[in-house]
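Observations on the model geometry
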Amino acid sequence: MTLIRREGRAVDVAPGETVLEALLRVGIDAPHSCRAGNCQSCMHRAIDGAPPPESQSGLTDAQKAMGYFLPCICRPTTPLTILRPDDLGVSLEAVVQAIDSLSDDIVRLRIEAEGFAYRPGQFIELSAGEDLRRHYSLASHPEEDPFLEMHIRLHQDGRMSRHLAETLQPGDKVHVAGPSGSCFYEGVNVDQPMLLIGAGTGLAPIYGVLRDALHKGHRGPIRLYHGARSRKGLYLSDELQALSDARDNVNYRPCAFDPSAPHGGDVAATALEAEQSVSEAAIFLCGGENLVKRLKRELFMRGASLKNIRSDAFTPAR
Amino acid sequence: MSSLYDRLGGEGAVNAAVELFYRKVLADGRIAHFFDGVDMEEQIAKQKAFLTMAFGGPNNYTGADMRKAHKRLVERGLNDSHVDAVIENLNYTLRDLGVPEKEVKEVADLANSVRDDVLNR
């Protein structure tokens, strides 16, 4: 017998039995379909214990690194604590360190969360009070920064926006859960070309990934496209331009909406025209859902493998 | 004589075929609209499960699974002509990969064997 825990419930897995079979046997309505390790409908994440490597067949390197596995082909021999794929787990207390303005309507929030392990580009759930929770991507680097950094667009009527702009102060307590998301530097060869495309505050995870790539000695060419509605929205442009000037392998392409610019300054159209050969590239896409879907499909049709496309699409708060 | 799945090259053959196949399907105006708005990662995993079945590989699909998975598409107009288009794209994919005609036919027959379940009839 091997013990697994899921949402506080302990389930014994009999010898030869799969995790999925055990969950279904005790009456847990776990999603599943092919039962052969192909369709990924049953995917879970192990947060404690290591799932057998064969139960991670077909998953991306980023997913494997995060402990994702397929219960329908998982016969564990050591105990596991597992979560549904969208469950971020328990939250930790953190302290607000600074809230600064990056542009007219984008702020940089830095919080101290001791012992919080993450990869730059992943996202967390920030909780600033009962029923006030949002997902934000991390632009900071765990080995270089003593804080978690998020870039947050302030919406006029947003509850979190107003809380950030009017109430929250350095020293205040918040909670963080996670991290989650597979948009980080994993499974990339140091000589591989990298294509990074971010729109709006989609630059946060892109910036995190860029810093992690450089931290890990990435040598291949890195092309970063950042799109914004206006020039003012091209925050961090001085830092990125300086980085681009200092490094032979980093190229920064800011794109602001402008009817007189090629493609009207549309970041997707600009990147797609410039990037004709994408089949070898490690690709990272972050921004609104429509932009990410459009780029993913176009780049896939041009020969990029889906395994090489990591993405994080923002969905508006409900 | 070894199984169809072994002759095709097993999981490696499925991995080699799945993205080629999915690109052809998405480029095919007759059926591409059924895939509008779907999550591409989820979809490619399903395509892989489908190819594994059509290649005669290990799968535990039941007729009921096939019916349930396609019920909403049938309500949106999925019919024989669309199944024909999918199998046509599957044939082209296998020929691109240099699979002999005998095996191409066997794969098409396996894919055809689930037609009634897919179309919920």
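Residues numbered from 1 in each chain as written. Chains lettered and ligands numbered in written order. Predicted model: local features only at pLDDT ≥ 70, side-chain atom pairs only at ≥ 80, totals over all residues.

**Let's talk about the overall build of chain A**
Within chain A one finds 7 helices and 16 strands. A compact globule built from 318 residues would reach a C-alpha radius of gyration of about 20 Å, and chain A, at 21 Å, matches this within 12%. Across its three principal directions, the C-alpha atoms of chain A cover 65 × 50 × 35 Å. For chain A, the proportion of its 318 residues judged to be buried stands at 44%. Restricting to contacts in chain A with at least 6 residues of sequence separation, those with at least 24 account for 67%. (Helix = DSSP H or I, 4+ residues; strand = E, 2+ residues; numbered from the N terminus. Rg over C-alpha atoms; globule rule 2.2 N^0.38 Å. Buried ≥ 20, exposed ≤ 12 C-beta atoms within 10 Å, placed from the backbone. Contact = placed C-beta atoms within 7 Å.)

**Some thoughts on the pairing of strand β2 (residues 9-13) of chain A**
Residue and element names in this part refer to chain A. With 5 bridges connecting them, strand β1 (residues 2-6) and β2 associate as antiparallel partners. When the bridges of β2 are listed, Arg5 appears paired with Ala10. What sits between β1 and β2 in their antiparallel hairpin is a turn of 2 residues, with Glu7 showing a positive phi close to 50°. (Pairing = 2+ DSSP bridges.)

**Observations regarding the domain arrangement of chain A**
Each assigned domain of chain A is listed with its residue range as follows: domain 1 (2-83), domain 2 (91-180) and domain 3 (194-314). Its C-alpha centre places domain 1 of chain A at a distance of 35 Å from the equivalent point of domain 3 of chain A. (Domains from an automatic or database assignment.)

**Some remarks on the pairing of strand β7 (residues 106-112) of chain A**
All names here are of chain A. Here 6 bridges tie strand β6 (residues 91-101) to β7, and the two strands are oriented antiparallel to one another. Of the residues in β7, the one forming a bridge with Ser101 is Val107. Counting the residues in the hairpin turn of β6 and β7 gives 4 residues. Judged from the 6 bridges that link them, β7 and strand β10 (residues 148-153) form a sheet pairing that is antiparallel.

**What to know about the interface of chain B and chain A**
Much of the literature gives interface size as the accessible area that the parts lose upon coming together. Facing the 17 residues of chain B at the interface are 13 residues of chain A. Of all the secondary structure elements, the ones that give two or more residues to the side of chain B that touches chain A are α2 (10-26) and α3 (40-54) of chain B. A total of 8 residues in the side of chain B that touches chain A trace back to one element, the largest contributor, which is α3 of chain B. Broken down by class, the residue content of the side of chain B that touches chain A amounts to 8 nonpolar, 3 polar and 6 charged. (Nonpolar A, V, L, I, M, F, W, Y, C, P; charged D, E, K, R; others polar.)

**Quick word on the nonpolar core**
Judged by nonpolar contacts, the single largest core of 110 residues is most densely connected at Leu196, Ile206, Val209 and Ile283 of chain A. For Val209 of chain A, the contacting residues outside a window of four places in its chain are Pro120, Gly121, Cys183, Phe184, Tyr185, Leu196 and Phe284 of chain A. (Core = buried A, V, L, I, M, F, W, Y, C linked by C-beta atoms within 7 Å.)

**Some thoughts on the environment of Glu11 of chain B**
Residue and element names in this part refer to chain B. Here Glu11 is to be found in helix α2. The class for Glu11 is partly exposed, based on 17 C-beta atoms found within 10 Å. In this structure, the C-alpha to C-alpha distance between Glu11 and Gly37, residues 26 residues apart in sequence, is 28 Å.

**Considerations on the sheet that holds strand β11 (residues 173-180) of chain A**
All names here are of chain A. Judged by pairing direction, the sheet is antiparallel, and its 6 strands sit side by side in the order β9-β8-β11-β6-β7-β10 without closing on themselves. Each edge of the sheet is formed by a strand with only one pairing partner; in this case those strands are β9 (133-137) and β10. Averaged over all adjacent pairs, the angle separating strand axes in this sheet is 40°, with direction ignored. (Axes fitted to C-alpha atoms, helices over the stretch in contact; angles between N-to-C directions.)

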